[in-house]
Amino acid sequence: MKIQIPEKVNRIIGTLTFAGYEAYAVGGCVRDALLGREPSDWDITTSASPQEVKRLFPRTVDTGIRHGTVTVMMGKESFEVTTYRVDGVYEDGRHPSEVHFTKSLLEDLKRRDFTINAMAAGLDGQVLDLFGGREDLKNRVIRCVGDPSARFSEDALRILRSLRFSAELGFSLGSNTAAAALSLREKLGLISAERIWAELKKLLCGPSVLQVLLDFPEIFVQLIPELGPAVGFDQGTPYHLYDVYEHTARAVAAIRPDPELRLTMLLHDIGKPSRFFTDPKGRGHFKGHPAAGAQLCKEVLPRMKLPRASIRRILPLVRYHDADIPPKQLPLWLSKLGKGAFFDLLDVKRADEQAKNLAVSDRRPQY
């Protein structure tokens, strides 16, 4: 199978090829082209050294030359060209202690995370697939290249990346890949909060986020331990069909794919388990859980290294997500919160209701 490679990318590949080097488009751009999606960027891998790449192109930037990456400028567009490499030992579970350049495309592709990201395409657009990536695309499955435990041990962020691709593409994780992700999830503690959030926000906005949240609660609890008590917590009320965690997952999927709103729904009920009690009829209640949840969020959100503006947006949404807002009080709440936060809160309340027992309607808002 062939893919259509943009003209400027072909010019770079062609220049390298005609100079006697190997060169291929590689990674996510090949994957997306095979899926019929428009690639966001095109990365190129080559047997040429960084210095050899720089000699062939008049305008380059040393964006990551220590790791073999030179950015080639084509007009106003930029393209990363990286020398084939083999990663050294991952001593900290985050990045290799050193890299070694190689002349082997196979060695370069072997170090990549998933089979669907380890395909290359040459000047003619013919796809080179050494690890079964095309078959995995066809079967809608995410598998690591080689041993998944080794790939996840090299860089634990790949655990979250596997879930992110699952949420974005609607693919399932291969059984060995899923088992390794679960068994090695504690290694996510080695990853900086900034890198975690960069992946998590894409994951939360994926069209298939609900299934990922339901399939891998252990990994999300690893990221946010405050979610732990919610897993399997029976709410004991006719307003809910699901335990606290499943209700949370369904609320995440019910709101529009804004990263901060999706995170709001992930956290909106973390105060529930600590506030649970039953009345004389045996019905469950969670009086004061929004305030308790907001208090927990004051610890969670700074720990996640979210920007202050994001924290200021999320906290009142958690605090007031269960507030009673009758239609006649809408102007009062609009004045209290401001226009943006007010309409965010309405969206939060709608998503919250969508994840409850829709057959019980006496508390559903009329807006």
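Presented here is a report on the structure given in the accompanying data block.

Here is what the cut-offs are and how they apply
Residues numbered from 1 in each chain as written. Predicted model: local features only at pLDDT ≥ 70, side-chain atom pairs only at ≥ 80, totals over all residues. Heavy atoms only, no water. Helix = DSSP H or I, 4+ residues; strand = E, 2+ residues; numbered from the N terminus. Buried < 20%, exposed > 50% of the residue type's maximum accessible area, 1.4 Å probe, protein only. Polar contact = N/O pair within 3.5 Å; in protein donor to acceptor, adjacent residues only side chain to side chain. Contact = heavy atoms within 4.5 Å. Core = buried A, V, L, I, M, F, W, Y, C linked by side-chain atoms within 4.5 Å. Axes fitted to C-alpha atoms, helices over the stretch in contact; angles between N-to-C directions. Parallel < 35°, antiparallel > 145°, perpendicular 65-115°, else oblique. Nonpolar A, V, L, I, M, F, W, Y, C, P; charged D, E, K, R; others polar. Salt bridge = Lys/Arg side-chain N within 4 Å of Asp/Glu carboxyl O.

**Points about the side chain of His268**
Tracing the backbone through its elements, the reader meets His268 in the loop between helix H13 (259–267) and strand S12 (277–278). Classification of His268 by relative accessible area gives buried; the value is 0%. A polar side-chain atom of His268 sits 3.2 Å from a polar atom in the side chain of Asp269. Contact partners of His268, with chain neighbours within four places excluded, come to His247, Thr248, Ala251, His289, Val318, His321 and Asp352.

**Examining the nonpolar core**
Counting 95 residues, the largest nonpolar core has Ile12, Leu16, Val30, Phe220, Leu263 and Leu301 as its most contacted members. For this core, the element with the most residues is helix H7 (residues 157–169), which contributes seven residues. Beyond its immediate stretch of four places on either side in the chain, Phe220 contacts Leu163, Leu200, Leu203, Val212, Leu213, Leu227 and Tyr245.

**Considerations on the packing of helix H9 (residues 193–204) against H13**
Where H9 meets H13, the axes come as close as 9 Å, and the angle between the chain directions of the two elements is 85 degrees. Relative to H13, the element H9 is oriented roughly perpendicular. Facing Trp197, Lys201 and Leu204 of H9, the residues of H13 in contact are Pro259, Arg262, Leu263 and Leu266. Tallied by class, residues from the contact of H9 with H13 come to five nonpolar, no polar and two charged.

**Focus on the pattern of salt bridges**
This structure, assessed with the given rule, holds 27 salt bridges. Residues Lys110 and Glu107 are paired through a salt bridge, measuring 3.3 Å at the closest nitrogen-oxygen approach. Linking Lys110 with Glu107, this pair stays in helix H4 (residues 105–110), spanning three residues, or about one helical turn. Given the relative accessible area of 37%, Lys110 is considered partly exposed. Taken together, the salt bridges that share partners define one network made up of Arg256, Asp258, Glu260, Arg313, Asp344, Asp347 and Arg350.

Remember that the coordinates give geometry; whether it matters functionally is a separate question.
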